[in-house]
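# Close look at the chain arrangement
Chain by chain, the residues:
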Amino acid sequence: MKDIMQSEFMRFLAVGGFAAGVNFISRIFLNEYMSFRWAVFLAYLVGMLTAYLFSRWFVFEASGKHPGHELFHFTLVNLAAVAQVWLISVGLAEYLFPAIEFTFFYHEIAHLIGLAIPTITSYYGHKYFSFEKVSNN
């Protein structure tokens, strides 16, 4: 198991899984106080900050950038991802699932599917943009 976790991508998946859990639980809590649409969006921001901090600490080597620059780049990559998560989650929960009369934890299932979609694109975006090493040339 230790060898598997040596892989940067596996650490990214572990951190992403943890951040997705934070996102998911936050969405359930927030949904008590606001609409599903807003809860998905705000929970994504909570999960994104969690992902940034843990990615910086456990996944990627130090980039040499100021943390503010890293966070800005991390946010840009995640803007594409949040659009994917939101469109898929809301599309499934509010359109597809009702159309096929799927009602079994439909918000939760739609949100989990939405969270899974941007995994690969986010990894490469963060590896080669957010946490790209600054060259000393």
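Before reading further, recall that the structure is shown in the block above.
Conventions adopted
- Residues numbered from 1 in each chain as written.
- Predicted model: local features only at pLDDT ≥ 70, side-chain atom pairs only at ≥ 80, totals over all residues.
- Heavy atoms only, no water.
- Helix = DSSP H or I, 4+ residues; strand = E, 2+ residues; numbered from the N terminus.
- Buried < 20%, exposed > 50% of the residue type's maximum accessible area, 1.4 Å probe, protein only.
- Contact = heavy atoms within 4.5 Å.
- Areas by Shrake-Rupley, 256 points an atom, 1.4 Å probe, with all protein chains shown as cover.
- Lys, Arg positive; Asp, Glu negative; His and termini not counted.
- Charge placed at Lys NZ, Arg CZ, Asp CG, Glu CD.
- Patch = residues over 30% accessible without salt bridge, like charges linked within 9 Å, V, L, I, M, F, W, Y side chains within 5 Å.
- Salt bridge = Lys/Arg side-chain N within 4 Å of Asp/Glu carboxyl O.
- Phe/Tyr/Trp six-rings, centres within 6.5 Å; stacked < 30°, edge-to-face > 60°.
- Lys NZ or Arg CZ within 6 Å of the ring centre and 35° of its normal.
- 1 Å grid on protein atoms, 1.4 Å probe; cavity = no way out; pocket = protein on both sides within 12 Å on 5 of 7 lines; lining within 4 Å.
- Points joined across faces, edges and corners; volume = space filled by probe spheres on them.
- Nonpolar A, V, L, I, M, F, W, Y, C, P; charged D, E, K, R; others polar.

### Things to note about the overall build of the protein chain
- For the protein chain, the count of helices and strands is six helices and zero strands.
- Taken from N to C terminus, the helices and strands of the protein chain fall in the order α-α-α-α-α-α.
- Overall size of the protein chain, expressed as C-alpha extent along the three principal axes, is 60 × 35 × 20 Å.
- Relative to its 137 residues, the protein chain shows a buried fraction of 36%.
- In the protein chain, once contacts between residues fewer than 6 apart in sequence are set aside, the share between residues at least 24 apart is 73%.
- Only carbon and sulfur atoms are counted for the fraction: they give 70% of the accessible area of the protein chain, which is about 8,300 Å².
- Taking the 8 positively charged and 9 negatively charged side chains of the protein chain as two groups, their mean positions are separated by 9 Å.

### Considerations on a nonpolar patch on the surface
- Taken together, the side chains of Leu-49, Leu-53, Trp-57, Phe-58 and Leu-71 define a hydrophobic patch exposed on the protein surface, amounting to about 480 Å² of accessible area.
- If one sorts the elements of the nonpolar patch by residue count, helix H3 (residues 36-59) sits on top with four residues.
- Structurally, the position occupied by Trp-57 is in helix H3.
- Here Trp-57 falls in the exposed class, since its relative accessible area comes to 52%.

### Looking at the packing of aromatic side chains
- With the rule as written, the count across this model stands at 18 aromatic pairs.
- Each ring, one from Phe-9 and one from Tyr-123, has its centre 4.9 Å from the other, and the planes form 80°; the classification is edge-to-face. On the criterion of sequence distance, the pair formed by Phe-9 in helix H2 (residues 8-30) and Tyr-123 in helix H6 (residues 119-130) is long-range, its members being 114 residues apart.
- For Tyr-123, a relative accessible area of 7% gives the class buried.
- Connected via pairs of aromatic rings, a cluster forms that spans Phe-9, Phe-12, Tyr-52, Phe-60, Phe-74, Tyr-123, Tyr-124, Tyr-128 and Phe-131.
- Here the basic side chain of Arg-27 rests over the ring of Phe-24, its NZ or CZ set 6.0 Å away from the ring centre.

### Describing the layout of surface pockets
- If you add up the space inside the largest pocket, you get close to 350 Å³.
- Taken together, 23 residues make up the lining of the largest pocket; nearest its centre are Gly-16, Ala-19, Ala-20, Ala-51 and Leu-115.
- Mapped by element, the contributors of at least two residues to the lining of the largest pocket are H2, H3, helix H4 (67-99), helix H5 (106-116) and H6.
- If you tally residues by element for the lining of the largest pocket, the top one is H2, at eight residues.
- Class assignment of the residues belonging to the lining of the largest pocket gives a composition of 14 nonpolar, nine polar and no charged.

### Quick look at the side chain of Ser-26
- As for its placement among the helices and strands, Ser-26 is situated in helix H2.
- Contacts of Ser-26, omitting those with residues within four sequence positions, involve Ala-43 and Val-46.

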